[in-house]
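So you can see what is in the structure, the chains are spelled out below.
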Amino acid sequence: MIDILVEYGDVLARGFLRTIELFLLAAAGSLVLGTILATLRVSPIPALRAAGAGYVTLLRNTPLTLIFFFFVFAYPKLELIQFPFFTAAVIALTIYTSAFVCEVLRSGINTVPVGQAEAARSIGLGFAQSLTNVILPQAFRAVVPPLVSVLIALLKNTTVAAGFSVAEVGSVIPYLNEQGEPTLNAFIWIAVGFMILVIPLTLVQRSFEKRWSVAR
């Protein structure tokens, strides 16, 4: 099993670097889009609330694989702006994960005391200003642990991209199979690699959980 690491270490390294790149881009996009969606979900305008709720309901109940299928196979037939498979993977992961980020943030917004928003309005702040300067900072602080859980799930979901010609770590397994290497050994090394990536996120999550429990 060590022979695989010695002989194909560069292949595994490239795969994991691509996975990390895919994860970081999709995570950034998901946090931005998820925040926007959470804003829509708590908006005083019914149409915006309905749009946010519709998006979240649709995406949370749609398998990630179907979203990949759409952007890789169906979207190109629309003859709109075309982009490579890696970009399609980033978009698919972002659109899917942002729905979960939205719901986490919305739950955080609901934990902020109503008096905070009333105090903000009393000093003349509008909805957008109250949300940006008063409510969202407190909401983010409250939801860091579950938000990290969503990001951990995103990191694992990057392996779906391997089925759509994206050369991340999930694509290493068929490559090693072509070289005659045992599938089990390849799985073991990839699992070890994901553990190395996930453990720091888990430690961050636990650290914030402890701080938040003490703060409460």
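- An unreviewed UniProt entry lists the protein under the name Amino acid ABC transporter permease, with Saccharopolyspora elongata given as the organism.
- The UniProt entry for the protein carries this comment under Subcellular location (unreviewed entry): "Cell membrane".
- According to UniProt, the comment filed for the protein under the heading Sequence similarities (unreviewed entry) is "Belongs to the binding-protein-dependent transport system permease family. HisMQ subfamily."

### Considering the UniProt feature "transmembrane region" (unreviewed entry) in the protein
Line of reasoning, step 1. Listed under "transmembrane region" (unreviewed entry) in the UniProt record, and renumbered for this structure, are residues 20-40, 52-75, 81-102, 147-166 and 186-204.
Line of reasoning, step 2. Between the first and last C-alpha atoms of residues 186-204 the distance is 28 Å; the span itself is 100% helix and 0% strand.

### As for the packing of helix 2 (residues 46-60) against helix 4 (residues 85-111)
Two quantities define a packed helix pair, namely the angle between the axes and the distance from one axis to the other.
Line of reasoning, step 1. In contact at an axis separation of 9 Å, helix 2 and helix 4 are set at 120° when each is read in the N-to-C sense. As the angle between them shows, helix 2 and helix 4 are arranged oblique. In this structure, helix 2 crosses over helix 4, and the sense of that crossing is left-handed. On the side of helix 2, the interface is formed by Y55, V56, L59 and R60, while helix 4 contributes I95, Y96, S98, A99, F100, C102 and E103.
Line of reasoning, step 2. Taken together, the residues of the contact of helix 2 with helix 4 break down into eight nonpolar, one polar and two charged.

### Some details on the pattern of salt bridges
Line of reasoning, step 1. Overall, the coordinates contain four salt bridges when judged by the stated rule.
Line of reasoning, step 2. With a shortest N-O distance of 3.7 Å, E103 and R60 are connected by a salt bridge. Separated by 43 residues along the polypeptide, E103 in helix 4 and R60 in helix 2 bring together distant segments of the chain.
Line of reasoning, step 3. Classification of E103 by relative accessible area gives buried; the value is 15%.
Line of reasoning, step 4. Residue R60 is classed as partly exposed on the basis of its relative accessible area of 41%.
Line of reasoning, step 5. Across the pair R106 and E103 runs a salt bridge whose closest N-O atoms are separated by 3.0 Å. Of the two residues, R106 and E103 are both situated in helix 4; the distance of three residues between them amounts to about one turn of the helix.

Definitions and cut-offs
Residues numbered from 1 in each chain as written. Predicted model: local features only at pLDDT ≥ 70, side-chain atom pairs only at ≥ 80, totals over all residues. Heavy atoms only, no water. UniProt positions renumbered as here; feature names shortened; annotations may be inferred. Helix = DSSP H or I, 4+ residues; strand = E, 2+ residues; numbered from the N terminus. Axes fitted to C-alpha atoms, helices over the stretch in contact; angles between N-to-C directions. Parallel < 35°, antiparallel > 145°, perpendicular 65-115°, else oblique. Left-handed = near helix turned anticlockwise from the far one by under 90°. Contact = heavy atoms within 4.5 Å. Nonpolar A, V, L, I, M, F, W, Y, C, P; charged D, E, K, R; others polar. Salt bridge = Lys/Arg side-chain N within 4 Å of Asp/Glu carboxyl O. Buried < 20%, exposed > 50% of the residue type's maximum accessible area, 1.4 Å probe, protein only.

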